[in-house]
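Structural characterization, general
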Amino acid sequence: DLVVKDLNSDQVGVTRLGIIPPSFDPESLSTSSLILSDYLRPEDDEKRLNEMFVIGDIKVRPNLAKVFDKRDPFWIYVHVYNAALDQTSLNPALTASFRVSKNGEAVFEDVDDKGESIQFYSGQRVVLIRQLPLEGLELGKYQIEVEVSDRISDGTVAVTEDFEVGG
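If you're wondering where the values come from, they're calculated on a predicted model, not measured in any experiment. (Residues numbered from 1 in each chain as written. Predicted model: local features only at pLDDT ≥ 70, side-chain atom pairs only at ≥ 80, totals over all residues. Heavy atoms only, no water.)

This next bit is on the sheet that holds strand β14 (residues 156-166). Spatial ordering of the open sheet is given by β7-β14-β13-β9-β10, a layout of 5 strands whose pairing is mixed. Two strands in the sheet have a free side with no partner beyond their single neighbour: β7 (67-69) and β10 (105-112). Taking each pair of neighbouring strands and ignoring which way they run, the sheet shows an average axis angle of 30°. (Pairing = 2+ DSSP bridges. Helix = DSSP H or I, 4+ residues; strand = E, 2+ residues; numbered from the N terminus. Axes fitted to C-alpha atoms, helices over the stretch in contact; angles between N-to-C directions.)

Before going further, it helps to spend a moment on the pairing of strand β13 (residues 140-150). Sheet topology places strand β9 (residues 94-102) next to β13; 8 bridges connect them, and they run antiparallel. Looking at β13, one finds that Ser101 is bridged to Gln143. As paired strands, β13 and β14 are joined by 10 bridges and run antiparallel to one another. Paired with Tyr142 across the two strands is Phe163, which belongs to β14.

Following the criterion strictly, the structure yields 4 aromatic pairs and no others. Consider the rings of Phe68 and Phe163, whose centres lie 6.2 Å apart with planes at 80°: the pair is edge-to-face. Taken together, the positions of Phe68 in strand β7 and Phe163 in strand β14 put the pair 95 residues apart, joining distant regions of the chain. For the residue pair Phe68 and Phe163, the accessibility class agrees, reading buried in each case. Their ring planes at 20° and their centres at 5.8 Å tell us that Tyr142 and Phe163 sit as a pair that is stacked. Pair noted here: Tyr142 is in strand β13 and Phe163 is in strand β14, with a separation of 21 residues, a long-range link. (Phe/Tyr/Trp six-rings, centres within 6.5 Å; stacked < 30°, edge-to-face > 60°. Buried < 20%, exposed > 50% of the residue type's maximum accessible area, 1.4 Å probe, protein only.)

Encoded structure:
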């Protein structure tokens, strides 16, 4: 609930908005929303860990307009939940495909089957970070799809987000 009172007229306004979190099956592979960013860097200064846009030890500033210049960095940040861990190494065994499409047709794909995009993992989540090039893309609207396959549990999950390559 948000309550606002005008001190001059004593009028009161109230807005009630419910936030319903999505439900996740605790047994199946799932993801967070994709964060598309033109600025991402590790943050090791403890004083800065409480700043805006710091998630764990990574500062990831979302590009809310989702419009990227060809020369700008294009970072993808996503959490994967319920990934199985290999019992001998205690590491996840994920294959992540980063597919860029225009009008439903794939124009670029980057497949990570070695775990290079895994920035952090624990029993609860895996953090994937990947930078993709935009130089070869024409101006226009695109869609990024991140598909994650768990080679241990044979689960697969995909998440997509629209973006635009501008001037």
